[in-house]
Amino acid sequence: MLSAVAVINQALERGLCPDAWAFLTRPEVGIVHLESDNQQRYMNALVELKEEHAAQGVKFLTWNDIQHCVESVNAAVEDDHDRVLAVSLVNEAVEEGHAGTTLRALLLPVMKLAGVDEELVDLYQYVLQRDKVDKARVTGDSLAMLWWEEIQDGIFNANKDDEDAYNFAVCVAAINTALEEESAISTLRLLQTPAVGILGIVPQCAEVYQLQLAEAKEAKAPDGDDGGEWVRHCFRRGTGYYFNLRNLKGTWKEPEICCINVGQLSREEIQAVVLRETATYNREQLWLAHESLVVWLQARCRGWLARRDFGKHLAILQVHRPAAVRIQACWKGFVQRRRYQERMDFFSSNVETIILLQSWVRMYKERKKYLQKQKFYRDHVGAIIKIQTFFRANRARGDYRTLIKATDAPVSVLRKFVHLLEQSEGDLQEELEVLRLRQEVMSAIRSNQQLEQDLNTMDIKIGLLVKNRITLEDVVSHSMKLNKKNKEQVMDMMTQDKHKGLKSLNKEKRQTLEAYQHLFYLLQTNPNYLAKLIFQMPQNRFTKFMDSVIFSVYNYGSNLREEYLLLKLFKTALEEEIKCKVDHLQEIVTGNPTVIKMVLSFNRGPRGQNSLRDLLAPFIQDVINDKTLHININPVEVYKAWVNHMECQTGEASHLPYDVAPEQALCHVEVRRKVESSIHSLCTAADRLMRSITSAVHKIPYGIRFMAKVLKNSLQEKFPDANEEELLKIVGNLLYYRYMNPAIVAPDGFDVVDVLAGGQLQAEQRRNLGSVAKVLQFAAAGKLFDGESSHMASMNDYLLSAHQKFREFFREACEVSDPEEMFNIDEYSDLVTVTKPVVHTTVEEIINTHMLLLEHEDTIAVDHNDPLHELLHDLGDVPSLSMLVGDTMEASDATREAQLAKTEISLALKSKFDVPKADDGMHTLLLRTKQHIVDVIRAQSGETLLDILKTPAKSEQAIAYEHMMRRRLGRTDENCSSSLEQKKNSVMKNLQILEASTMISAANNYQELVNEIAKDLRNQRRHRQRRRVELLKLQQTLDALTRKATFFGEQADYYNQYIHTCLDNLDRGRKISRHTVHTGNTRHNRKAKQMTLHYTAARLHEKGVLLEIENLQQNQFRNVQFDITPAEEIGSFDVKAKFMGVNMEKVQLNFQDLLQLQYEGVAIMKMFDKIKVNVNLLIFLINNKFYGK
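Description of the structure in this document. (Residues numbered from 1 in each chain as written. Predicted model: local features only at pLDDT ≥ 70, side-chain atom pairs only at ≥ 80, totals over all residues. Heavy atoms only, no water.)

### Structural notes on the packing of aromatic side chains
Tallied over the full model, the rule gives 10 aromatic pairs. Ring geometry for F778 versus F785: centroids 4.8 Å apart, planes at 15 degrees, classification stacked. Residue class for F778 comes out buried when judged on its relative accessible area of 16%. Since its relative accessible area comes to 3%, F785 is described here as buried. (Phe/Tyr/Trp six-rings, centres within 6.5 Å; stacked < 30°, edge-to-face > 60°. Buried < 20%, exposed > 50% of the residue type's maximum accessible area, 1.4 Å probe, protein only.)

Here you go:
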């Protein structure tokens, strides 16, 4: 096979194609799929392939090259066959005359036709059908078919015809538009467009063309534009092109709804006008060219005629000289006027020439000015440089504005400012100091938490000791009566604290108490739970829910911390309500938002009430005390009061009707006078109150001002198209209408003014206050009096001016600092306070809160890893009232149950979860990636970040990057040894990791990171300020944590001293007493100091202390003896075991450990790994024998 391949290569080199074919077809060569019909194509392809290989330095074709060439030729032949079939299908479709069939045939993949546009299918059908007919006529063959090249040419020609037709139609439409705009220059420029093909255009006739074409257009459509959208243009091939004047689109097929615009001039009409006016202009120019000869001939003729006439009239003139002089004077005047007119006509007919001369003169003057200005610039180079500097600065400011205001900052603009992110030595030191302080704060927090846990454990031990002493006093009185029948009674005495509710000293109750403390702490510090729970409550339960759960959890905002957390809840809930439930801006005003009701309810408490009193009480008190103030703006009521007064004065019935309309009432002068007087008084009073309100913005409670700010910002974010006027009206609805207006209308109901017991405001006083409140309500909302209140239209000017003042007042009210700054609270505040936050609530409120959380758990905590699920799992089902109170009661005792439900409980709140880490891996990776991107952008430019990362860096860019890195190495310890390409590869890897975590997206070229860098640039100064503030706060936090650790240490020392004192007191009672030592059935006395208890296992089993001994029968218990001896350490006892007098083992018991086991509910414990004892009875035995007195 190899020799045959070599022979084939030789034959191809010599050009012996038959020999090469002969060897190629041999079976031993192994070339498959050979077709004899394709012999010549095989040879041509192999010769070309051989030449290509020779050009590349390859001498021989391999067997694979030959086989691949054969396959390529076969594929090409097969494509040609398929194309021939497709060409025949196209010819058949063209012959049938169906455009859709023709289009489908043209779009066949095997046709490989370029430029096929489905919208031009009708034109393709027409062009191909015409080409087929032309070919049949030229060849004389009626069955002649179009070839593939002719079809492709037909498509190209059709596309060209469509493009030419579109350009032609656009130009004709533009000419008609220019005629309507009366712009001769635009018309001339459009007439000269090659696409329209207007012939014989002379630029000097532009004005004439404009005038004549406009007249022709008006003559064609004397009634103006008939509103038609379409214009039909005819072309030389007989086709019609329809062009839409509105959307500037054309089609070769007549539209279904085609209204032809008859007011448009066609190309033929435009051409006719142009040719006519050009011919006229040419004739004028011809006469002007031979003007001197014509004038000379005319002068000769006129001279001869004049001389002949002169001879005839000379005699007459001599006779009539005076008349002749007069006639000559008239004639000279006529001639002079004619010459002037001819001069003016000459100027008019040569306007373009005059303009040309004037343009040359002006050009000369301008050139002279330019040279002077150039010389001036050379003489003032310094000033020019300053101006250019100002221009560049202005452009830089424009780039900075783009950086500040653009939603997506361009990389080209960002690159100009990224050098500002280069940190100085001071910045690095401050960053290191912040990191160090954060680490120390975290360490101090964890240390304090451990100390606090130790203190809690010691607190429990102290409680157990105190409890044991109290229990012991009850047990001692029964110790002498102890027998087998009352062992259970003794155990009940030892464990009587099990059913005393949450505050009992029992592990199970303690865990329940801590679980509720953890739960309420989480509800306080994470407002999302209660914010979502708010919207799950039906309206009929909301008021009770707000009082028993919301305000109860936050202690009704009784201190700064609770008020801060309550405001955070209001903020979260209001943002959630606006985001999910407000579809229109006015729904806040027309509806009754849930969160707004809560905010108003909270701010109408004691603090908000005092603010309202300070703000409104002086004015309201003056209105109440002013007996001369009578404001009644209702014309009908004024009219009735006037009629009643007249009848009382005269004693006669009035002839005036009693029931009238407001318009009829105002017809009386006295009524109008009183109404106008009331309006004047009302305006004065309202203005006084408005000034009092707008000048005392600082008296409004911070909470409602902050919620007004949150309301404005949330609405602006939800409705970005809303203007500030609308937003401030909604803010005014909250601040004035909902908060202040009710207190003005009913001051006694809101305790704004003091009212004597049994007293109330008079109707006149309420009407005065109501009228003032209504006027200010209109002013705050920007409403005017009209319709039924048109008689008060004189106050509209005052309402407009008052509305502007209210707007400034509402805007100023929204300008408050954040709660963190206002209350000086941060993430470490709860960790540095010595006293824990306490919630004072009732058992019923705890049960209700627990029940609601379980009922809506999946709604308010969607994430399965949410800490709320863990806390609710710790609590389990909702406990009964008796379990929390620790009191047993009959099921039917409703009165007792209601009393117990009101039992108050104080929960010292604390967090179950550890302090979160200061940072996580993704955030660090994001910061590092941003720093690397800044380095890359500074060294390399590009349109987008992805383009920069994918484009290889140039040598000068790499050198600039290395120089920047070396400069940085001089002042930091950062490892900058990587090259620019390596850093770009690192950035790409980081971007993939960040994209996998859904922090960024490659769909927008990682624009999120670019925006983050731009944000860092904008906030760099604020970041430095925040960093300094954070340094100060961290130092203050660290100092507070140190003081707290000192306090915990002192408290731990005190607890240890107290425990030792308690044990000493117990032990001191043992030392001063004398006890009986039991050894079987014998007794003798010895000092308590040396006292040792000797008990056999049988005796302890009889007392119930010992339950069993593994692998030992009860009849052997008498052979086992236990010696219990106080150890040197207070509260510890050594227990020795003997079997038949032989010492076996020894263990040490700690009394506090026994109490801890009892606290944890452990009833049985093991000793010596094989003996089971009763913990409660063992404690009782030790108390009885060692601490009994």
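We are not done yet, so read on.
### Notes on the sheet that holds strand β1 (residues 230-234)
The strands making up a sheet associate through hydrogen bonds between their backbones, and the pairing can be parallel or antiparallel. The strand order β1-β2-β3 describes an open sheet built from three strands, whose pairing is antiparallel. Whereas interior strands pair on both sides, the edge strands pair on one side only; in this sheet they are β1 and β3 (250-251). Where β1 and strand β2 (residues 240-244) come together, five bridges link them in antiparallel fashion. Counted as the bridge partner of R232 is Y242 from β2. Against the sheet, helix α7 (residues 148-181) touches β1 and β2, its axis set at about 50 degrees to β2. (Pairing = 2+ DSSP bridges. Helix = DSSP H or I, 4+ residues; strand = E, 2+ residues; numbered from the N terminus. Contact = heavy atoms within 4.5 Å. Axes fitted to C-alpha atoms, helices over the stretch in contact; angles between N-to-C directions.)

### Side note on the pattern of salt bridges
Inspection of every chain in the model, using the stated rule, returns 16 salt bridges. We note a salt bridge from D309 to R308, for which the minimum N-O separation is 3.8 Å. For D309, a relative accessible area of 32% puts it in the partly exposed group. Here D622 ties to R688 by a salt bridge, and the two come within 2.1 Å at their closest N and O atoms. Of this pair, D622 sits in helix α24 (residues 606-625) while R688 is found in helix α27 (residues 669-694), placing the two residues 66 residues apart along the sequence. (Salt bridge = Lys/Arg side-chain N within 4 Å of Asp/Glu carboxyl O.)

### Details of empty space enclosed by the protein
Tallying each qualifying case throughout the model produces four cavities of 30 Å³ or more. By volume, the largest cavity amounts to about 110 Å³. Forming the boundary of the largest cavity are 13 residues, of which L1100, F1122, V1135, M1167 and L1178 lie nearest the centre. Mapped onto the lining of the largest cavity, the elements with two or more residues apiece are β10 (1120-1126), β14 (1171-1174) and α47 (1175-1186). Considered class by class, the residues forming the lining of the largest cavity number 13 nonpolar, no polar and no charged. (1 Å grid on protein atoms, 1.4 Å probe; cavity = no way out; pocket = protein on both sides within 12 Å on 5 of 7 lines; lining within 4 Å. Points joined across faces, edges and corners; volume = space filled by probe spheres on them. Nonpolar A, V, L, I, M, F, W, Y, C, P; charged D, E, K, R; others polar.)

### Things to note about unusual backbone geometry
Not every positive phi belongs to a glycine, and N1005 is a case in point at roughly 60 degrees. Mapped onto the elements, N1005 comes out in the loop between α42 (980-996) and α43 (1007-1018). A relative accessible area of 28% places N1005 in the partly exposed class. A positive phi angle is found at Y1006, which is not glycine, with a value near 55 degrees. The residue Y1006 is located in the loop between α42 and α43 in this model. The exposure class assigned to Y1006 is buried, which follows from its relative accessible area of 5%.

### Notes on the environment of T849
Tracing the backbone shows T849 in helix α34 (residues 843-855). On the accessibility criterion, T849 (2% relative accessible area) is buried. Each C-alpha atom, one on T849 and one on V878, is 9.6 Å from the other, the two residues being 29 residues apart in sequence.

### With respect to the environment of I260
Examined against the element boundaries, I260 turns out to sit in the loop between β3 and α10 (267-289). The sequence separation of I260 and Y242 amounts to 18 residues, and the corresponding C-alpha distance is 9.1 Å.

### Some details on helix α28 (residues 702-718)
Across its 17 residues, α28 extends 24 Å between first and last C-alpha, which sits within 8% of the 24 Å expected from 1.5 Å per residue. Of all the 17 residues making up α28, 13 are buried; the element is thus mostly covered by neighbouring parts of the structure. (Expected span 1.5 Å × (residues − 1).)

### Comments concerning the packing of α27 against helix α31 (residues 796-813)
Packing of α27 against α31 brings their axes to within 10 Å, and their N-to-C directions diverge by 10 degrees. Here α27 is positioned roughly parallel relative to α31, judged by the angle of their axes. Crossing handedness for the pair α27 and α31: left-handed. The segment α27 lies against α31, with C683, A686, D687, M690, I693 and T694 engaging Y798, A802, K805, F806 and F809. Each residue belonging to the contact of α27 with α31 can be placed in one class, and the counts come to eight nonpolar, one polar and two charged. (Parallel < 35°, antiparallel > 145°, perpendicular 65-115°, else oblique. Left-handed = near helix turned anticlockwise from the far one by under 90°.)

Purely geometric stuff here, so don't read any function into it on its own.
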